[in-house]
Amino acid sequence: MTLANAACAQTQRHLRSAALIERYDANLPRYTSYPTAAQFNAQTGPADWADWLAQAAADEPASLYVHIPFCRTLCWYCACNTRAVNRAETIRSYIDLLLAEAGLGAAALGRRQRVSRLHLGGGTPNMVAPDDLDRLFNGLRETFDLADHGEIAAELDPSSLTRNWVRAAARNGLNRASLGVQDLSPSVQRAINRIEPFETVVRAADWLWDAGVGSLNLDLMYGLPLQTRDDLLATLDQVTTLRPARIALFGYAHVPWMKPHQKLINDADLPGPAERFAQSQAAATYLIDAGYQAVGLDHFALPADSLAMAARTGRLHRNFQGYTDDDASTLIGLGASSIGRTAQGYVQNHAVERDWRAAVAAGTLPVTRGLALTSDDRRRAEVIERLMCDFSVSLPEIERIHGPAPDRFSAALARLVPLLDDGLVVCDDSQISVTELGRPFVRLVCAAFDTSLVPITGRHGRMI
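Residues numbered from 1 in each chain as written. Predicted model: local features only at pLDDT ≥ 70, side-chain atom pairs only at ≥ 80, totals over all residues. Heavy atoms only, no water.

A. Quick look at the overall build of the protein. Secondary structure summary: the protein contains 16 helices and 19 strands in total. Against the globule reference of 23 Å for 464 residues, the protein gives a C-alpha radius of gyration of 22 Å, in line with a compact fold. In the protein, buried positions account for 55% of the 464 residues. Counting contacts in the protein only where the partners sit at least 6 residues apart, residues at least 24 apart contribute 73% of the total. For the protein, the exposed surface amounts to about 19300 Å²; the carbon and sulfur share of it is 52%. Averaged over its 45 positive side-chain charges, the protein has a centre that lies 2 Å from the centre of its 52 negative ones. (Helix = DSSP H or I, 4+ residues; strand = E, 2+ residues; numbered from the N terminus. Rg over C-alpha atoms; globule rule 2.2 N^0.38 Å. Buried < 20%, exposed > 50% of the residue type's maximum accessible area, 1.4 Å probe, protein only. Contact = heavy atoms within 4.5 Å. Areas by Shrake-Rupley, 256 points an atom, 1.4 Å probe, with all protein chains shown as cover. Lys, Arg positive; Asp, Glu negative; His and termini not counted. Charge placed at Lys NZ, Arg CZ, Asp CG, Glu CD.)

Below, the structure written as structure tokens:
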């Protein structure tokens, strides 16, 4: 193909993508679970969670998620459950209650549950003082059987990270750290109230490596206010010099109706769907050219990383933290807003910290809502997870594992017809495969199998 022909073909692809974006961009779930958290209800409560924990498989390790809902300052783009806190006593008393909740969960389990993975999320886990971090880990090890060589990960804010915190985390087993970077452009950082020079990120990475934390992840974003493709590519030019094992590239979700502080972002500064799409595709091309393997919709990993290997071998999964190679069937969530899961269903703790504190102080599992799974939920959950992870699923294989779907997925297949016509998916003997053109639209493919979807603006962020 001549250079002119190649340029013409690229132009045609861009025009086709622009037409598809205009046609299909919608408010859709991220499908970190199915059914999604939007379907959780108050009919599921503490008694259900206690019963489900008692039934959890004793011979399989569980995963543990601990939510720290505190930050030094509030970033305007953030959609996490967090708040700005500067009083050490507030955080210290929260740690006390986290350990009390862990004890309530262990009592429901009826044993010292083996845990193969522990994830500290937030908020900003490095807001916890080093001595309180020691206390948290010591208490969790007394309550649960933390595997000697299990994964212990934390989401960290480089700007507030200290060397003492890193040392404390490392001596407690931290072996994977995710640094929130988002974008390194000064104008973008001012627009989202997150000032973080690249030197700050390098310093944090050096501290982690010096302490023996062997795996580094970086979290980036596209679609931020004032952000351009050049900004994003310049950020990638810098952060890839650190050679992180994984890079997550999330699309900014502008949901000011849910997160009022996002109203501080000027809507006029936000890139439109076509520009967001161009940013995501340019970044993906950059990372693949830099030697990273695309993992699912928005993750990239070095080929030797366990996430990349899981993607290559069909062992990739998706949960509320994104893509993972964690296959535990039991997830125990601790802290305000945390989500837990067993084979029976999902639960979520009180999102309002005050209510969570009151429930734990009263000796009650702080679950406020959830959802018991039906056989059809499990069937569709696996279809959606395989599409999100593998971009392909065999419907007959799903029915072999979970039993026949009542309508043999006929309604979902009917909803896929426009996507088939536009070349976003192909179907061969009920094997649904997302094409290269369709990969950015995979959430739309998943939505065809979602029987409870209400695609309204006030519930989900934009797909592109």
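After that view of the structure, there is still more to cover.
B. The pattern of salt bridges, seen in detail. Taken as a whole and assessed by the stated rule, the structure comprises 28 salt bridges. Where R135 meets D96, a salt bridge forms, and the shortest distance between an N and an O atom there is 2.4 Å. One end of the pair, R135, is in helix 4 (residues 130-143); the other, D96, is in helix 3 (residues 88-109), and 39 residues separate them in sequence. With a closest N to O distance of 3.6 Å, E385 and R386 form a salt bridge. Here the two residues E385 and R386 agree in accessibility, since each one is buried. Through salt bridges that share partners, R117, E151, R176, R246, D305, D325 and D326 make up one connected network. (Salt bridge = Lys/Arg side-chain N within 4 Å of Asp/Glu carboxyl O.)

C. Representation of the packing of aromatic side chains within the structure. Applying the stated criterion across every chain, the model contains 7 aromatic pairs. Summarising the aromatic geometry, the rings of F70 and Y94 are spaced 5.0 Å apart at their centres and angled 80 degrees between planes, so their arrangement reads as edge-to-face. Of this pair, F70 sits in strand 2 (residues 70-71) while Y94 sits in helix 3; the two residues are 24 residues apart in sequence, bridging distant segments of the chain. Of the two residues examined, F70 and Y94, each falls in the buried class. Measuring from centroid to centroid gives 4.7 Å for Y94 and W356, while their planes differ by 35 degrees, and the two rings are tilted. Here Y94 is found in helix 3, whereas its partner W356 is found in helix 11 (residues 353-361), with 262 residues between them in sequence. (Phe/Tyr/Trp six-rings, centres within 6.5 Å; stacked < 30°, edge-to-face > 60°.)

D. Broad picture of the pairing of strand 6 (residues 176-182). The element strand 6 is extensively covered by neighbouring structure, given that 7 of its 7 residues are classed as buried. Burial of strand 6 is two-sided: the residues R176, S178, G180 and Q182 facing one way and the residues A177, L179 and V181 facing the other way are all buried. Sheet topology note: the strand 5 (residues 145-156)/strand 6 ladder contains 4 bridges and is parallel. Pairing of A154 across the sheet is with A177, part of strand 6. (Pairing = 2+ DSSP bridges.)

E. How the structure looks around the nonpolar core. Residues L64, V66, L98, L140, F144 and L208 are the most contacted members of the largest nonpolar core, which totals 74 residues. Considering every element that reaches this core, the biggest residue donor is helix 3, with 8 residues. If sequence neighbours within four positions are ignored, V66 has contacts with L98, L118, H119, L120, G121, L140 and L334. Listed in part, the 40 residues of the second largest apolar core include L20, Y34, A310 and V383. (Core = buried A, V, L, I, M, F, W, Y, C linked by side-chain atoms within 4.5 Å.)

F. A look at the sheet that holds strand 17 (residues 392-394). A sheet is described by the order of its strands in space; here 3 strands give the open sequence 17-19-18, paired in antiparallel fashion. The sheet terminates laterally at strand 17 and strand 18 (425-428), the two strands that pair on one side only. For this sheet, the mean inter-axis angle between neighbouring strands, taken without regard to orientation, is 10 degrees. Sheet topology places strand 17 next to strand 19 (residues 431-434); 3 bridges connect them, and they run antiparallel. The residue bridging S392 from the neighbouring strand is S433, located in strand 19. Contacting strand 17 and strand 19, helix 12 (residues 375-390) crosses the sheet at an angle of about 145 degrees to strand 17. Packing against the sheet, helix 13 (residues 395-402) makes contact with strand 17 and strand 19, and its axis sits at approximately 55 degrees to strand 17. (Axes fitted to C-alpha atoms, helices over the stretch in contact; angles between N-to-C directions.)

G. Local environment of helix 5 (residues 163-171). Along helix 5, the positions that sit buried rather than exposed are W165, V166, A168, A169 and A170. Looking at the buried positions of helix 5, the neighbouring elements they touch are helix 4, strand 5 and helix 7 (198-210). Count one or two residues on from helix 5 and you reach G173, which has phi positive near 105 degrees.

H. Quick peek at the packing of helix 2 (residues 46-55) against helix 3. At a minimum axis separation of 7 Å, helix 2 and helix 3 run at an interaxial angle of 55 degrees. Relative to helix 3, the element helix 2 lies oblique. Taking contact as the criterion, the partners of A50, L53 and A54 in helix 2 are, on helix 3, G105, A108 and L109. The residue inventory of the contact of helix 2 with helix 3, partitioned by class, reads 5 nonpolar, 1 polar and no charged. (Parallel < 35°, antiparallel > 145°, perpendicular 65-115°, else oblique. Nonpolar A, V, L, I, M, F, W, Y, C, P; charged D, E, K, R; others polar.)

I. Spatial organisation of unusual backbone geometry. Of note, the bond from Y34 into P35 is cis; its omega dihedral lies within 30 degrees of zero at -10 degrees. Note that P35 resides in the loop between helix 1 (3-24) and helix 2. The omega torsion across G122 and G123 is 15 degrees, close enough to zero to call that bond cis. Within the element layout of this structure, G123 appears in the loop between strand 4 (114-122) and helix 4. A positive phi angle, close to 60 degrees, is found at N193, a residue other than glycine. Mapped onto the fold, N193 is located in the loop between helix 6 (186-192) and helix 7. N193 gets classed as partly exposed once you look at its relative accessible area, which sits at 30%. A positive phi angle is found at R243, which is not glycine, with a value near 50 degrees. Secondary-structure assignment places R243 in the loop between helix 8 (229-239) and strand 8 (246-251).

J. The confidence of the model for the protein, seen in detail. When the pLDDT values of the protein are averaged, the result is 93; 94% of them are 70 or greater. Confidence drops under pLDDT 50 across residues 3-12; counting only partners more than four residues distant or on other chains, this segment forms 1 contact. (pLDDT = per-residue confidence, 0-100.)

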